[in-house]
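Coordinate inspection notes
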Amino acid sequence: MSEKYLTFDCYGTLLQENNTYDEIEKIALQVGVDPSIARQRFETYQNDSNNVHPYLDYDLLIRNNLIHLDYQFGLKHQFEKYFVDVMIAHQNLVPFPETIKTLKTLVKRDYHLIIMSNSSWDIIDKNVQKLEVPFDIWTAEDVHAYKPDLHFFETVEKEYGFTSQNHWHLAEGYESDIISTDKIGWPSIWVNRSKASASSSVQPTHTVSDLTSTLEFLN
């Protein structure tokens with residue numbers, strides 16, 4: 001039997017990111033600024049692809065984000081000095097409630113599981129340990145590119161020999177993943193937990209509200 005592959009985005013798809021954002025809110029309270037605004041600005045900076053060109057490692061992206069928060073609030077080294085705390089929070093993200101059960105079902109269905117994450121090895125290794133099933137892991141650090149850069153997708157595709165018959169990509173990120181999979185011709189499942197609206201005319205192969213619902217399409 002030929003091998004079957006599933007590639008996954010990690011953060012927001014398999015693991016909840018609240019731990020990181022809650023840490024930003026905690027720091028904001030300690031330094032005396034609005035925690036909800038700090039959280040929103042941190043998240044916006046982290047997701048802006050303009051902030052990773054030219055390539056930089058993920059830990060430096062987080063540090064730059066904290067420095068940017070200091071600048072935004074007119075502070076000096078207040079957010080930045082908590083860099084280690086934010087890194088630890090990010091290493092300790094927890095899975096969504098249905099994640100592990102769904103992944104174990106997919107393993108029983110003989111899928112080869114692969115993570116493609118805008119992360120780095122000093123973070124992702126601890127993240128993946130929480131998922132309790134074997135994964136191949138690809139990070140931005142491995143390919144020196146962050147999604148939605150097609151170089152990331154093309155590198156992984158070449159490594160495994162994906163076809164439209166042997167592979168699906170599952171992701172929460174519409175702009176980081178779904179648009180790119182459309183460009184490269186990958187079948188995709190958008191795990192749209194927040195019921196967000198698509199920002200373009202590009203449509204995934206399927207849209208679901210949680211990971212369990214993907215099992216309908218992955219025999």
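Whatever comes next refers back to the structure up there.
Attention in this report is confined to the structure presented alongside it. (Residues numbered from 1 in each chain as written. Predicted model: local features only at pLDDT ≥ 70, side-chain atom pairs only at ≥ 80, totals over all residues. Heavy atoms only, no water.)

Thoughts on the packing of aromatic side chains
Where two aromatic rings form a pair, the distance of their centres and the angle of their planes describe that pair. Note the following rule: Here is the rule: rings of Phe, Tyr and Trp (six-membered ring for Trp) pair when centre to centre is within 6.5 Å. Planes less than 30 degrees apart are stacked, more than 60 are edge-to-face, and the remainder are tilted. Secondary structure counts use DSSP, requiring at least four H or I residues in a row for a helix and at least two E residues in a row for a strand, with both numbered from the N terminus. We call a residue buried when its accessible area falls under 20% of the maximum for its residue type, exposed when it is over 50%, and partly exposed in between, using a 1.4 Å probe and counting protein chains only.
As enumerated under the stated definition, the model contains 12 aromatic pairs in all. Both rings, one in Tyr174 and one in Trp190, keep their centres 5.0 Å apart while their planes meet at 45 degrees; by these two values the pair is tilted. Of the two residues, Tyr174 sits in helix α9 (residues 174-184) while Trp190 sits in strand β5 (residues 188-191), which places them 16 residues apart along the sequence. The burial state of Tyr174 is the same as that of Trp190; both residues are buried. In textbook terms, an aromatic cluster arises when at least three aromatic residues are bridged by ring pairs, as seen for Tyr5, Trp138, Phe152, Phe153, Tyr160, Phe162 and Trp186.

Details of the sheet that holds strand β6 (residues 206-208)
For clarity, the threshold we go by: By definition, two strands form a pair when at least two bridges between them are found by DSSP. To get an axis, a line is fitted to the C-alpha atoms, and for a helix only the part in contact is used. The angle between two axes follows their N-to-C directions and goes from 0 to 180 degrees. Residue contacts are counted whenever heavy atoms from the two residues lie within 4.5 Å of one another.
Within the open sheet, the six strands sit side by side as β3-β2-β1-β4-β5-β6. Their pairing is parallel. Because the sheet does not close on itself, it has two edges, and the strands there are β3 (136-139) and β6. Geometrically, the sheet is characterised by an average inter-axis angle of 20 degrees between neighbouring strands, direction not taken into account. Note: strand β1 (residues 4-8) against strand β2 (residues 111-117), five bridges, orientation parallel. Bridging from a neighbouring strand, Thr7 pairs with Ile114 of β2. With respect to the sheet, helix α5 (residues 99-108) is in contact with β1 and β2, its orientation differing from that of β2 by roughly 135 degrees.

Considering the pattern of salt bridges
Short version of the rule: In what follows, salt bridge is the name for a side-chain nitrogen of Lys or Arg lying within 4 Å of a carboxyl oxygen of Asp or Glu.
A complete count under the given rule lists seven salt bridges for this structure. In this structure, the salt-bridge partner of Arg39 is Glu25, at a minimum N-O distance of 3.3 Å. Separated by 14 residues along the polypeptide, Arg39 in helix α2 (residues 35-47) and Glu25 in helix α1 (residues 18-31) bring together distant segments of the chain. On the basis of relative accessibility, which here comes to 24%, the residue Glu25 falls in the partly exposed class. Each of Asp9, Lys147 and Asp177 takes part in a single network of salt bridges with overlapping partners.

So, unusual backbone geometry
At the junction of His53 and Pro54, the peptide bond is cis and its omega measures out at -5 degrees in the coordinates. Within the element layout of this structure, Pro54 appears in the loop between α2 and α3 (58-72). Note that the residue after Lys147, namely Pro148, is joined by a cis bond; omega there is 20 degrees. When you line up the elements, Pro148 lands in the loop between α7 (140-143) and α8 (150-160). Despite not being glycine, Glu132 shows a phi value in the positive range, around 70 degrees. Relative to the assigned elements, Glu132 resides in the loop between α6 (121-129) and β3. With relative accessibility at 52%, the residue Glu132 sits in the exposed group.

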